[in-house]
Amino acid sequence: MHRFANPAQFMRLAARFLPWLMLGFVVCFASGLYFAVFHSPPDYLQGEMVRVMYVHVPAAIMSEGGYVFIAFASAASVIWKHPLADVAARSAAPVGATFTLICLITGSLWGRPTWGTYWVWDARLTSVLVLFFLYLGYMALWSAIEDQQRAAKAASTLALVGMVNIPIIKFSVEWWHTLHQPASIKLVGKTTIDPAMQLPLLLMTLAYGFYFAVILIWHMQAAIMEQRQDSRIRAQLREVIA
Amino acid sequence: MNFGPHSNFIFMSYAVVLVSLGGLALVSWLRLRKVRDKS
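Calculation criteria
- Residues numbered from 1 in each chain as written.
- Chains lettered and ligands numbered in written order.
- Predicted model: local features only at pLDDT ≥ 70, side-chain atom pairs only at ≥ 80, totals over all residues.
- Heavy atoms only, no water.
- Helix = DSSP H or I, 4+ residues; strand = E, 2+ residues; numbered from the N terminus.
- Buried < 20%, exposed > 50% of the residue type's maximum accessible area, 1.4 Å probe, protein only.
- Patch = residues over 30% accessible without salt bridge, like charges linked within 9 Å, V, L, I, M, F, W, Y side chains within 5 Å.
- Areas by Shrake-Rupley, 256 points an atom, 1.4 Å probe, with all protein chains shown as cover.
- Salt bridge = Lys/Arg side-chain N within 4 Å of Asp/Glu carboxyl O.
- Phe/Tyr/Trp six-rings, centres within 6.5 Å; stacked < 30°, edge-to-face > 60°.
- Core = buried A, V, L, I, M, F, W, Y, C linked by side-chain atoms within 4.5 Å.
- Contact = heavy atoms within 4.5 Å.
- Bend = angle between axes of the 7 residues up to and from the residue.
- Polar contact = N/O pair within 3.5 Å; in protein donor to acceptor, adjacent residues only side chain to side chain.
- pLDDT = per-residue confidence, 0-100.
- Lys, Arg positive; Asp, Glu negative; His and termini not counted.
- Axes fitted to C-alpha atoms, helices over the stretch in contact; angles between N-to-C directions.
- Parallel < 35°, antiparallel > 145°, perpendicular 65-115°, else oblique.
- Left-handed = near helix turned anticlockwise from the far one by under 90°.
- Nonpolar A, V, L, I, M, F, W, Y, C, P; charged D, E, K, R; others polar.

### Quick look at the overall build of chain B
Argument step 1. Of regular secondary structure, chain B possesses 1 helix and 0 strands.
Argument step 2. Oriented by its inertia axes, the alpha-carbon framework of chain B measures out at about 55 × 15 × 5 Å.
Argument step 3. Each of the 39 residues in chain B was classed as buried or not, and the buried ones make up 36%.

### Description of a nonpolar patch on the surface
Argument step 1. A cluster of nonpolar side chains, contributed by Val78(A), Ile79(A), Trp80(A) and Leu160(A), occupies part of the molecular surface with about 400 Å² of accessible area.
Argument step 2. Of all the elements, helix 2 (residues 53-80) of chain A adds the most residues to the nonpolar patch, at 3 residues.

### Description of the packing of aromatic side chains
Residues and elements named next belong to chain A.
Argument step 1. Tallied over the entire structure, the rule returns 13 aromatic pairs over all chains.
Argument step 2. Geometrically, the ring pair formed by phenylalanine 132 and phenylalanine 133 is tilted, given 6.3 Å between the ring centres and 45° between the ring planes.
Argument step 3. The rings of Phe25, Phe29, Phe69, Phe99, Tyr208, Tyr211 and Phe212 are connected pair by pair, giving a single aromatic cluster.

### Side note on the nonpolar core
Generally speaking, soluble globular proteins have nonpolar side chains that are buried together.
Argument step 1. Of all hydrophobic cores here, the largest spans 81 residues; its most connected members are Phe99(A), Tyr208(A) and Tyr211(A).
Argument step 2. At the level of elements, helix 1 (7-39), helix 2, helix 3 (85-115), helix 4 (123-144), helix 5 (148-162), helix 6 (165-175) and helix 7 (195-241) of chain A together with helix 1 (7-38) of chain B are the ones that each hand at least two residues to this core.
Argument step 3. With 18 residues, helix 7 of chain A is the single largest residue contributor to this core.
Argument step 4. Not counting residues within four places of it along the chain, the set of residues in contact with Tyr211(A) comprises Phe25(A), Val95(A), Phe99(A), Ser20(B), Leu21(B), Leu24(B) and Ala25(B).

### Remarks on helix 1 of chain A
Argument step 1. Where helix 1 of chain A bends most, at Phe17(A), the angle is about 40°, and the proline Pro19(A) comes one to four residues later.
Argument step 2. Where helix 1 of chain A begins, the side chain of Asn6(A) points an oxygen toward the backbone nitrogen of Ala8(A), at a separation of 2.8 Å.

### Thoughts on the confidence of the model for chain B
Argument step 1. Taken as a whole, chain B shows an average pLDDT of 91; of its residues, 97% reach a score of 70 or greater.
Argument step 2. With a pTM of 0.91, the predicted complex shows an ipTM of 0.94.

### Let's talk about the side chain of Glu64(A)
All names here are of chain A.
Argument step 1. With respect to the helices, strands and loops of the structure, glutamate 64 is situated in helix 2.
Argument step 2. For glutamate 64, which is buried and forms no salt bridge, the nearest opposite charge comes from arginine 124, at a distance of 5.6 Å.
Argument step 3. Those residues in contact with glutamate 64 that lie beyond four places of it in its chain are Leu131, Ile166, Ile169 and Lys170.

### A few points about the interface of chain A and chain B
Argument step 1. If you look at the interface, chain A gives 33 residues, while chain B gives 24 residues.
Argument step 2. Note that Glu226(A) and Arg31(B) form a salt bridge whose closest N and O atoms lie 3.0 Å from each other.
Argument step 3. There are 7 residue pairs in polar contact (both at pLDDT 80 or more) connecting chain A and chain B.
Argument step 4. Those elements that provide at least two residues to the side of chain A that touches chain B are helix 1, helix 2, helix 3 and helix 7 of chain A.
Argument step 5. At 11 residues, the largest contribution of residues to the side of chain A that touches chain B is made by helix 7 of chain A.

### Focus on the packing of helix 2 of chain A against helix 7 of chain A
Residue and element names in this part refer to chain A.
Argument step 1. Two elements in contact, helix 2 and helix 7, have axes separated by 9 Å at closest approach and are oriented at 40°. One way to sum up the angle between helix 2 and helix 7 is to call them oblique. When you trace helix 2 past helix 7, the crossing you get is right-handed. In contact with Met53, Tyr54, Val55, Val57, Pro58, Ala59, Ile61, Met62, Gly66 and Phe69 of helix 2, helix 7 contributes Met197, Pro200, Leu201, Met204, Thr205, Tyr208, Gly209, Phe212 and Leu216.
Argument step 2. Here the contact of helix 2 with helix 7 is composed, by residue class, of 16 nonpolar, 3 polar and no charged.

Have a look at this one:
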């Protein structure tokens, strides 16, 4: 694991895998949109509004997955002091926040015709909103503290404490009475979605996953290059002073 | 394409996704290009 946490090794691997990840995104996104818009049948209850599911549910999966990624990277930073862990965690935050925002807005747009309201303060919606604020707080901490080591420590603590919100989001529809429906896709147990709807859902989830990976790598590459430029400037300054 | 009386909600949802993902990709790519140009 430490071998892959080497920034130079990461830059080499990223350059090799980026084109394939981009290709994966384009193929999955284009075919996912095609099946979602033209091929999937209307739902027996919600009619055509079910098409919002293909952009909303994968965004919800990525928003939670993104936060879990940040928490794991933060744990790696705190425990093993991996040189790339902080860079990875910080780089994932804007992507996760964007997916959470997409989840909230598309959920609102789905809620108006089906529930009769854009927003209710029920457990699922509120806990996802808290997740969005956690993302914002995490990014704000990194920007607010000038000393990068102190910023990393504070941001990692927030990320790890915030992990408590993830099971709350997941089980909110079971623990409380909410307008939001319970999960239809289950890792253990029978999935209650028609196979004709599973394909676009799977393709869009894969597309979002590829997108997450591409943007994460772009941010990490930029951050590593900025760190190298900073250390070069510092070395030159030291030479001038000496 | 006729998605019934609520089609504007469906189109808006897809537009939100395209604009958000496109916007973030553009900003991220521009940042990477700026850093690359500097080094």
